[in-house]
Amino acid sequence: MNLALPALVPALPVLGAAATLAAGKKAPGLARPLAIVPVAASAVLALVVALQLGTGQALDAATRLTPTGGPDISLAVHLDGFSSLISVLVGVVATCVQVYSTAYLAKDPRYPSYAALVSLFTAAMFLVVYSGDLIVLLVGWEVMGVCSYFLIGHHWETEDARSASLKAFLVTKLGDVPFLFGIFLLGADAGSFRITEVLAAASEGRLGHPTLTALLLLAGVAGKSAQFPLHTWLPDAMAGPTPVSALIHAATMVAAGIYLVARLLPVFLQSGAALVVLAVMAAVTMIGSALCALAQDDLKRVLAYSTVGQLGYMAGALASGDREASVFHLVSHGAFKALLFLAAGVVIHAAHTNSLSAMSRIPGLRKRVPHAYLAMGIGLVALAGLPLPAPFSGFFSKEAVLTAAEHAAKGEALTNGVGPASAVPQAAGWIVLIAAALTALLTAAYATRLFLVAFHSPAGAAAVAPAVLPATDPATVAADHEADAPYSPELDEADPATAEPRAMRWPLWVLAVPTMGLGVAGLFQDGLPALLDGGSLRPTGVTAVTGSGLAVVGVLAAYGAWRSATARLATGAASRAAGLPAAAGRVPEQAGAPAAEVLVADPGRTLLGPLFGPARHGFGVDRLYHAVFVRPVVAAARLVRFLDREVVEGYVQGSGIGANLLGRAVRLAQTGNAQTYLSALLAGVVLLAVLVAV
């Protein structure tokens, strides 16, 4: 293979980003083609590289960048089935996002800088995927962090966007610090930063500190892939433009941590303790995020918590020793989650709000967005892992994760030759299996809730809803959603009175194809398994029945709760019509002006009961962090400011004032009279003579 091809894959988006920035203001008409063409070309080249590499093959090439006095830093490329598959995913999703953004941000004056950052973001992920050296990988890792800061804060004129971008940057950097030390420790133990040599050292047992190294790396993974306890930045990141959310959640930033662990899985297999920690982290993340998703009113926050939970699935598969199942779910999730976010953007475009409760009061919303309605349905079926109406990609990849956990729980981990099956503790398998099964039920429940509340609310909801202010009135943003619900509004750049442009429509169907058909490729041994480690991705009978049964139970439970809530809402509507109080239909926490009242048939309240309030606010994790970390840091900063201004600066100013006073005193003696100077000199001589004589 010509190495120029894989080198061009990350290089073209970088060149496109530079060209977009250079031509953005002088030639705005060139910004869109300069944003789309290089990324699309990279996607095509990534596919060509994957086809040329074939299955079961690997390519490793490197040139030394600089000596360090220790392990050298090399510009290395490592290509195998994992990197080929994920690079194609990154290229396809990034191309769809760039095309979609041309319409979604059509009137945005900062579109050129936005498009350039998306291209640079894509290039950084390509660099992470193709890199064969940990230090070069770290460069792409950090560039993604910087790009995410600017993209999440694209609408910097809003307080939500500014705080969300800062939070994302700080939380991920909190994980990146130990991650950096983990890379240094891994390079010192292996004697090289080359990934192939690191893996060779791990397989030969030459790593001196495998547990410490793995735990340090997991800190960075928890930050970048939004795993507990560093998951809190991702839901707030919904303040950024919807296409950015699709890119971050589907194919770039959050996928980078999972990909890194999959790439370095032999290192993690050296430490059973690290695998148990990863399993616990994945379990808490899966269950907690699914509960939170079931309580959110913001459409994008539901999908954000969904991403956190699905990343927990991937981390759970890695804790079970099966990186094939993890990457399979990563790719299928990338397809259907990008589809869901882009479809959500079309719905927000039509409804002019992120709020599910507000959407429930819009009659005929699904008829206004038929393409998004169907796309959202396809994506949610894949997310829930339902076998009906058809087993889409999410069904097969979710079952692969459950199968991996089942085998690990039996002591028969599916490591597929990466390491010994005995290296995976059975406890890790049981933790992941139980958590993943419960999450399957909850995922189906919140996916059903989202679909029913947004598109199938009863006709009476609009009739009993309070009058809604014009969409251009800023007060509507506060009135359209439930007052106690976390909400991440973004500036809607589209006109809700018109249908979505084609540029926002056809990316949905491009992504719907892998969402529906990718899972079948995992059933054939010469399909995805041959491209990866060669193990089987077929679910076992017990796992398939259990996982599917739990998903169906989740759907039925959500549907039943929705019907019950709908009946109560109808009773409230009848009471209002009769002039009676309608407490049954009103949200209990709501009070105040009629414009702030929200009438919605929400099954989440019925299903969660007393957990609804805590789940809506992320179980208080943000508040805990604010009390334990933010307040002490702010108090310390204020103390430092006081000491600097009142104490340190006092000494500095005092020294200046003292020198000034001394200068004034000395200046009094400078009269300019020569006789005075001679008299003083003579007096000094006499005084010295007397002193010497005595």
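Below is a summary of the structure that appears in this document. (Residues numbered from 1 in each chain as written. Predicted model: local features only at pLDDT ≥ 70, side-chain atom pairs only at ≥ 80, totals over all residues. Heavy atoms only, no water.)

1. Quick notes on the overall build of the chain
Reasoning step 1: When you go through the chain residue by residue, the secondary structure sums to 29 helices and two strands.
Reasoning step 2: The buried share among the 694 residues of the chain stands at 55%.
Reasoning step 3: Counting contacts in the chain only where the partners sit at least 6 residues apart, residues at least 24 apart contribute 78% of the total.
Reasoning step 4: For the chain, the computed accessible surface area is about 27,000 Å², with 70% contributed by carbon and sulfur atoms. (Helix = DSSP H or I, 4+ residues; strand = E, 2+ residues; numbered from the N terminus. Buried < 20%, exposed > 50% of the residue type's maximum accessible area, 1.4 Å probe, protein only. Contact = heavy atoms within 4.5 Å. Areas by Shrake-Rupley, 256 points an atom, 1.4 Å probe, with all protein chains shown as cover.)

2. Focus on the pairing of strand β1 (residues 59-66)
Reasoning step 1: The pairing of β1 with strand β2 (residues 73-79) spans seven bridges and is classified as antiparallel. The residue bridging L59 from the neighbouring strand is L79, located in β2.
Reasoning step 2: What sits between β1 and β2 in their antiparallel hairpin is a turn of six residues, with G69 showing a positive phi close to 85°. (Pairing = 2+ DSSP bridges.)

3. Considering the packing of helix α18 (residues 370-384) against helix α23 (residues 506-517)
Reasoning step 1: Between α18 and α23, whose axes approach to 10 Å, the crossing angle comes to 25°. Viewed along their axes, α18 and α23 adopt a mutual orientation that is roughly parallel. Where α18 crosses over α23, the two elements pack in a sense that is left-handed. Only L508, W509, T515 and M516 of α23 make contact with α18, whose side of the interface consists of H371, A372, L374, A375, I378, G379 and A382.
Reasoning step 2: When its residues are assigned to classes, the contact of α18 with α23 shows eight nonpolar, three polar and no charged. (Axes fitted to C-alpha atoms, helices over the stretch in contact; angles between N-to-C directions. Parallel < 35°, antiparallel > 145°, perpendicular 65-115°, else oblique. Left-handed = near helix turned anticlockwise from the far one by under 90°. Nonpolar A, V, L, I, M, F, W, Y, C, P; charged D, E, K, R; others polar.)

4. What to know about the packing of aromatic side chains
Reasoning step 1: The full count for this structure, using the stated rule, is 11 aromatic pairs.
Reasoning step 2: Ring pairs connect the aromatic residues Y149, F150 and F169, which therefore count as one cluster.
Reasoning step 3: Just above the ring of Y111 sits the side chain of R32; from NZ or CZ to the centre is 4.5 Å.
Reasoning step 4: A cation over a ring is seen here: K173 above F169, with NZ or CZ 5.0 Å from the ring centre. (Phe/Tyr/Trp six-rings, centres within 6.5 Å; stacked < 30°, edge-to-face > 60°. Lys NZ or Arg CZ within 6 Å of the ring centre and 35° of its normal.)

5. Let's talk about the pattern of salt bridges
Reasoning step 1: Counted according to the given criterion, the structure contains 15 salt bridges.
Reasoning step 2: Put simply, K173 and D176 hold a salt bridge, and the shortest N to O gap is 3.0 Å. Residue K173 and its partner D176 are both found in helix α6 (residues 159-190); the two are separated by three residues, about one turn of the helix. Per residue, the accessibility class of K173 equals that of D176, and both read buried.
Reasoning step 3: Here E406 and K410 are joined by a salt bridge, their closest N and O atoms 3.4 Å apart.
Reasoning step 4: With relative accessibility at 12%, the residue E406 sits in the buried group.
Reasoning step 5: Connected via shared salt-bridge partners are E142, K173, D176 and K224. (Salt bridge = Lys/Arg side-chain N within 4 Å of Asp/Glu carboxyl O.)

6. Thoughts on the environment of V621
Reasoning step 1: One can find V621 in helix α28 (residues 621-669).
Reasoning step 2: Owing to a relative accessible area of 15%, V621 belongs among the buried residues under this scheme.
Reasoning step 3: Here the alpha-carbon distance between V621 and T232, two residues 389 residues apart in the chain, equals 7.7 Å.
Reasoning step 4: In contact with V621, not counting residues within four places along its chain, are H231 and T232.

7. Observations concerning helix α7 (residues 195-203)
Reasoning step 1: By the burial criterion, the buried members of α7 are I195, V198, A201 and A202. Buried residues in α7, looked at end-on, bunch into an arc of 120°, giving them a common side.
Reasoning step 2: Count one or two residues on from α7 and you reach G205, which has phi positive near 75°. (Arc of directions from axis to C-beta.)

8. Some details on the packing of helix α3 (residues 81-104) against α23
Reasoning step 1: Packing of α3 against α23 brings their axes to within 9 Å, and their N-to-C directions diverge by 165°. Judged on the interaxial angle alone, α23 and α3 are roughly antiparallel. Classified by chirality, the crossing of α23 by α3 is left-handed. Here V92, V93, C96, V99 and Y100 of α3 come into contact with α23, specifically with W506, P507, V510 and L511.

9. Let's talk about the side chain of S326
Reasoning step 1: Here S326 lies in helix α15 (residues 323-351).
Reasoning step 2: Sequence-distant contacts of S326, defined by excluding residues within four places in its chain, comprise I258, M314, A317 and L318.

10. Here's the deal with helix α19 (residues 393-409)
Reasoning step 1: Under the 1.5 Å per step criterion, the end-to-end length of α19 is 25 Å for 17 residues, consistent within 8% with the ideal 24 Å.
Reasoning step 2: Counting buried residues in α19 gives 17 out of 17 residues, a clear majority hidden from the surface.
Reasoning step 3: The positive-phi residue at the C-terminal boundary of α19 is G411, with phi of around 80°. (Expected span 1.5 Å × (residues − 1).)

11. As for the side chain of T232
Reasoning step 1: Mapped onto the secondary structure, T232 falls in the loop between α8 (210-224) and α9 (233-236).
Reasoning step 2: For T232, a relative accessible area of 7% corresponds to the buried category.
Reasoning step 3: When sequence neighbours within four positions are dropped, the list of residues in contact with T232 reads K167, V171, V621, D622 and Y625.

Such coordinate-based values are descriptive only and should not be taken to indicate function.
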